[in-house]
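# Fold and geometry: a report
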Amino acid sequence: MRGQIPSNIISIILGLIIIGSLMVFGYSAFAGLKDKQDIAEFTNLKLDIENTVRKLSSEYGSTKYKEFTLPNKYDEMCFLDFEGEPSASNCADLSASKYNLINDSYTDKTPQTVFILGKSVPPHVLEVPNIKNKDTCRLFCVKGNNLIVSVKIEGHGDHVTIS
């Protein structure tokens, strides 16, 4: 009986070490999967926008109503048109504090044109060429409804307009 107690203690300690290791490494692996899922969602969104813009920009006069699915925790998509007017009707106010990153992109003339915004997450920026905003808006933003953003896209031969 005396030899059996120390072997039970060693088995229990070894079991706790194995369980603890699985919990630590399992959690970090799970957290890594979440990051990869976020990257995949943004990549899919960017490809969806680029493919739609590429297809419609060459089809003059074509119109498509398109729904884009935003990643979790994001609720707004904004389109920046460097040639647009700052005070056109139905446009977002570029000087508003929640659009600081977009204002910086406009000021610095970076090629970033699509911005995905959320309340408690950092904004995500996409570079999608050949996009202009209808009604000469400098900044056109669309709020999502259950992670879905609906826009009207019109082809103009060399670019598209978003409304």
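First things first, this report covers the structure right here in the doc. (Residues numbered from 1 in each chain as written. Predicted model: local features only at pLDDT ≥ 70, side-chain atom pairs only at ≥ 80, totals over all residues. Heavy atoms only, no water.)

## Focus: the state of the cysteines
Put simply, the rule is: Note on terminology: disulfide denotes any pair of cysteine sulfur atoms within 2.5 Å. Helical segments are the DSSP runs of H or I of at least four residues, strand segments are the runs of E of at least two, and each set is numbered from the N terminus. Exposure categories follow from relative accessible area, calculated using a 1.4 Å probe and restricted to protein chains: below 20% of the type maximum is buried, above 50% is exposed, and the middle band is partly exposed.
If you walk through the whole model with that rule in mind, you get 1 disulfide. There is a disulfide in this structure between Cys78 and Cys141, and the S-S distance comes to 2.0 Å. Here the disulfide of Cys78 and Cys141 is right-handed, its torsion about the S-S bond being about 115°. In this pair, Cys78 is assigned in strand S2 (residues 76-80) and Cys141 in strand S6 (residues 139-143), connecting sequence segments 63 residues apart. The same class applies to Cys78 and to Cys141, which are both buried.

## Some remarks on the pairing of S2
In plain terms, the rule: Any two strands are treated as partners once DSSP identifies two or more bridges connecting them.
By the criterion of burial, S2 is predominantly enclosed, with 5 of the 5 residues buried. On S2, burial covers both faces: Glu76, Cys78 and Leu80 on one face and Met77 and Phe79 on the other are all buried. Relative to strand S3 (residues 114-117), S2 runs antiparallel, the two being bridged by 4 bridges. Bridging across to S3, Glu76 finds its partner in Leu117. Where S2 and S6 come together, 5 bridges link them in antiparallel fashion. Bridging from a neighbouring strand, Phe79 pairs with Phe140 of S6.

## Focus: the nonpolar core
As a reminder, the rule being used: Throughout, nonpolar core names a set of buried Ala, Val, Leu, Ile, Met, Phe, Trp, Tyr and Cys residues whose side chains join them through atoms within 4.5 Å. Note on contacts: a residue pair is in contact if any heavy atoms of the two residues lie within 4.5 Å.
Residues Ile49, Met77, Val114, Ile116 and Ile131 are the most contacted members of the largest nonpolar core, which totals 24 residues. Counting residues per element, the ones that place at least two in this core are helix H1 (4-57), S2, S3, S6, strand S7 (148-155) and strand S8 (160-162). Beyond its immediate chain neighbours, meaning those up to four positions away, Val114 contacts Ile49, Met77, Cys78, Phe79, His124, Val125, Leu126, Val128 and Ile131. Grouped together as the second largest cluster of nonpolar side chains are 11 residues, Cys78, Ala92, Tyr106 and Leu117 included.

## Details of a nonpolar patch on the surface
So the rule is basically this: Patch criteria: residues need more than 30% relative accessible area and no salt bridge. Like-charged residues are merged within 9 Å; nonpolar side chains of Val, Leu, Ile, Met, Phe, Trp and Tyr are merged within 5 Å. Accessible surface area values rest on a Shrake-Rupley calculation with a 1.4 Å probe, where residue burial reflects the displayed protein chains alone. A side-chain nitrogen of Lys or Arg and a carboxyl oxygen of Asp or Glu constitute a salt bridge if their distance falls within 4 Å.
A surface patch of nonpolar side chains, about 280 Å² in accessible area, is lined by Ile9, Ile13 and Ile17. Relative to the elements of secondary structure, Ile13 occurs in helix H1. The exposure class of Ile13 is partly exposed, given its relative accessible area of 46%.

## Considerations on the layout of surface pockets
Note the following rule: Whether a set of points on the 1 Å grid over the protein atoms alone is a cavity depends on a 1.4 Å probe fitting there but being unable to get out, while an open set qualifies as a pocket with protein on both sides within 12 Å along at least five of seven lines; lining residues are those with an atom within 4 Å of a point. Grid points are joined across faces, edges and corners, and a volume is the space filled by probe spheres set on the points. Polarity classes work like this: nonpolar for Ala, Val, Leu, Ile, Met, Phe, Trp, Tyr, Cys and Pro, charged for Asp, Glu, Lys and Arg, and polar for all others, with Gly in that last group.
Estimated volume of the largest pocket: approximately 190 Å³. Along its surface, the largest pocket is lined by 13 residues, and Phe82, Thr113, Asn130, Ile131 and Lys132 are the ones closest to its centre. Partitioned by chemical class, the residues of the lining of the largest pocket number 6 nonpolar, 3 polar and 4 charged. Along the wall of the second largest pocket there are 13 residues; nearest its centre are Glu76, Lys98, Leu117, Gly118 and Lys119. The dominant element in the lining of the second largest pocket, judged by the number of residues it contributes, is helix H2 (residues 100-108), at 3 residues. Its residues placed into classes, the lining of the second largest pocket shows 6 nonpolar, 2 polar and 5 charged.

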